Amino acid sequence: MARSTNTDAHHLPRYDREATGLHLGIVVHPDGLAWSVHDRTDGRCLVLAQGRGTTWPAEEQLPRHPASVSFCAMPELSTLVPESTLRPGTEAGHLSLVHGPLPTGLLRDEPVEDLGARCVYLHDEGMEHQVLERFPAARAIALRSLLVRAALALGRQGPALVAHRVGKRMDVALADPGGLKLSNAYHCATGTDALFYLLHLMDALHLAPADAAVHWCGPGWTATDTDLLRRYLPTAAPALTGSDAMLVGLDAPSPEAWWALLEQAACAS
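Residues numbered from 1 in each chain as written. Predicted model: local features only at pLDDT ≥ 70, side-chain atom pairs only at ≥ 80, totals over all residues. Heavy atoms only, no water.

Visitor: I'd like a description of the sheet that holds strand β8 (residues 107-112), backed by residues and values.
Guide: As summarised here, the arrangement of the three strands in space is β7-β9-β8, forming an open sheet in which the pairing is antiparallel. The outermost strands of the open sheet, each flanked by one partner alone, are β7 (77-82) and β8. In this sheet, adjacent strand axes meet at a mean angle of 25° when their direction is disregarded. Judged from the six bridges that link them, β8 and strand β9 (residues 117-122) form a sheet pairing that is antiparallel. Across the sheet, the residue bridging to E110 is C119, located in β9. This element, helix α1 (residues 91-99), spans β7, β8 and β9 of the sheet and lies at about 120° to β7. Against the sheet, helix α3 (residues 143-155) makes contact with β7, β8 and β9, and its axis sits at roughly 10° relative to β8, the strand it touches most. (Pairing = 2+ DSSP bridges. Helix = DSSP H or I, 4+ residues; strand = E, 2+ residues; numbered from the N terminus. Axes fitted to C-alpha atoms, helices over the stretch in contact; angles between N-to-C directions. Contact = heavy atoms within 4.5 Å.)

In structure tokens, the structure reads:
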């Protein structure tokens, strides 16, 4: 593994920014921006870069001609709507029922095939512009869709919960072999808030703390927060580790912080 002069960037020696067949994933949120490059032939992550502010970290390593580009802008306004009840032109109405008056921005929707529903969502206009100004063809992906798909896949083996935090917001999806049980978002200023909501929703679903596999992800978790989770939720673990086949050799610390970034590659390929 070679590290760039930017201490928040990691890349494999084989990475060539001039290569073809690369996928560029991007996450932008109020505190910063991160991006990754995946080889579309074998799924390996070749670069992971993250930074604070509005500048592009390790800009000199961005692929020159990526074959595909995707992005998540967080936090987002989103909801799930059954395909059977969604009619063209009603998307804003469904979203406003959940979130109230909507800000300006491009309203999007995407299918969640395993659920028979569509995710209707709205990203912050300024953050979207930050991405689309540089990569006009970039495809938006909803964080809620990523979480629901992950929970459904993990839930086939038993109750599974995925909790993503960025800033003061936590997005959660919980599923079991019977399907999706919950998809929601909570205001969490502290790790204690996050733990309270996780324990509360598990209790509401009649699950004991040890009954569900809990996976945390996102840049909003601190070491103190995750220690607290482990104390009360014995199954709690990061949603992603450096031993994942996609990340072998990259030596990137706390890859679960950029789970939403790394998950995009499979959806966008």
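Okay, back to it.
Visitor: I'd like to hear about the nonpolar core, residue by residue, with values.
Guide: L24, I26, W35 and W259 are the most contacted members of the largest nonpolar core, which has 58 residues in total. No other element matches the seven residues that α3 contributes to this core. What W259 contacts, discounting residues up to four positions off in sequence, is L143, L146, L147, A150, H164, C217, A239 and L240. Core analysis: the second largest hydrophobic core is formed by 22 residues, M170, A194, L207 and W216 among them. (Core = buried A, V, L, I, M, F, W, Y, C linked by side-chain atoms within 4.5 Å. Buried < 20%, exposed > 50% of the residue type's maximum accessible area, 1.4 Å probe, protein only.)

Visitor: Can you lay out the packing of aromatic side chains for me, pointing to particular residues and giving the numbers?
Guide: As enumerated under the stated definition, the model contains three aromatic pairs in all. On the basis of an interplanar angle of 70° and a centroid distance of 5.4 Å, the ring pair of F196 and Y197 is categorised as edge-to-face. Taken together through their ring pairs, the aromatic side chains of Y186, F196 and Y197 make up a single cluster. Over the ring of W56 we find R134; its NZ or CZ atom is 5.6 Å from the centre of that ring. Lying across the ring of W221, R165 places its NZ or CZ 4.7 Å from the centre. (Phe/Tyr/Trp six-rings, centres within 6.5 Å; stacked < 30°, edge-to-face > 60°. Lys NZ or Arg CZ within 6 Å of the ring centre and 35° of its normal.)

Visitor: Describe the sheet that holds strand β14 (residues 213-217), with residues and values.
Guide: Pairing between the strands of a sheet is mediated by backbone hydrogen bonds and can be parallel or antiparallel. Spatial strand order, β13-β12-β11-β14-β15: five strands in an open sheet with mixed pairing. Edge positions in the sheet fall to β13 (179-187) and β15 (237-238), since each has one partner strand and no second. Summarising the sheet, strand β12 (residues 169-176) and β13 pair through eight bridges and their orientation is antiparallel. Bridge pairing in β13 places D176 opposite G179. Together, β11 (160-166), β12, β13 and β14 form the strand contacts of α3, whose direction differs from that of β12 by roughly 30°.

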